[in-house]
Amino acid sequence: MTGMKLNPDWLEDQDSRDKASCYVCGMVLDVPTTACPEGHALCRDCWVAEKTPRQRCPLCQHRTDASRLQRCRPLEDFIGDLRMCCMHGPEGEGGEEDANLEPLGEQWCSWRGKV
């Protein structure tokens, strides 16, 4: 994982956006973590926001317990294998070209790589 929040619009595989996105912050899951008996995952920071652990899962409302927080390694591996588009490409900011970025010649950056 990167340690920084990534916009799910930068993911090359559009079908993976929902699976890889945090329900709370909307960004690509950074250190996917669960404390929910149903296995719903959020970013670790979203479970433990401002040192006040969530008492209920925001998806299913099951009671949660901060002592049960655990990383979702399979989901972490899934996200780690996803490929992303360069945020400076035409798809980078929701499909709109950023006025502060210049195209490379006649094309925008076409870099693709792993999350």
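Just so it is clear, the model here is predicted, and its values are computed rather than measured.

> Break down the overall build of the protein chain for me, citing the residues and quoting the values.
Along the backbone of the protein chain there are 3 helices and 5 strands. Starting at the N terminus and ending at the C terminus, the protein chain contains elements arranged as α-β-β-α-β-α-β-β. A separation of at least 24 residues holds for 49% of the contacts in the protein chain among residues at least 6 apart in sequence. Surface exposure of the protein chain reaches about 7,300 Å², of which carbon and sulfur atoms provide 46%.

> Tell me what's going on with the environment of R71, and back it up with residues and numbers.
Tracing the chain through its elements places R71 in strand β3 (residues 70-71). For the pair R71 and A41, spaced 30 residues apart in sequence, the C-alpha separation works out to 8.7 Å. With near-sequence residues (within four places) excluded, R71 lies in contact with V31, P32, T33 and E76. A distance of 2.5 Å separates polar atoms of two side chains, one belonging to R71 and the other to E76.

> Requested: an account of the environment of E76, with residues and values cited.
Relative to the helices and strands, E76 resides in helix α3 (residues 73-81). On the basis of relative accessibility, which here comes to 11%, the residue E76 falls in the buried class. Remark: the alpha-carbon pair of E76 and P32, spanning 44 residues in sequence, is separated by 6.1 Å.

> I'd like a rundown of the confidence of the model for the protein chain, residues and numbers included.
For the protein chain, the mean per-residue pLDDT works out to 75, and 68% of the residues sit at or above 70. Mean pLDDT in the protein chain bottoms out at strand β5 (residues 112-114), which sits at 63, and peaks at β3, which reaches 92. Contacts of residues 92-108 to residues separated by more than four positions or lying in other chains number 19 contacts, the stretch itself having pLDDT below 50.

> So what's going on with the pattern of salt bridges? Residues and values would help.
Counting across every chain of the model gives 2 salt bridges. Residue D9 pairs with R17 through a salt bridge whose shortest N-O separation is 3.2 Å. You can call D9 partly exposed: its relative accessible area is 27%. Here R71 and E76 are joined by a salt bridge, their closest N and O atoms 2.5 Å apart. A residue is classified by how much of its surface remains accessible, and R71, at 38% relative accessible area, is partly exposed.

Rules used in this analysis
Residues numbered from 1 in each chain as written. Predicted model: local features only at pLDDT ≥ 70, side-chain atom pairs only at ≥ 80, totals over all residues. Heavy atoms only, no water. Helix = DSSP H or I, 4+ residues; strand = E, 2+ residues; numbered from the N terminus. Contact = heavy atoms within 4.5 Å. Areas by Shrake-Rupley, 256 points an atom, 1.4 Å probe, with all protein chains shown as cover. Polar contact = N/O pair within 3.5 Å; in protein donor to acceptor, adjacent residues only side chain to side chain. Buried < 20%, exposed > 50% of the residue type's maximum accessible area, 1.4 Å probe, protein only. pLDDT = per-residue confidence, 0-100. Salt bridge = Lys/Arg side-chain N within 4 Å of Asp/Glu carboxyl O.

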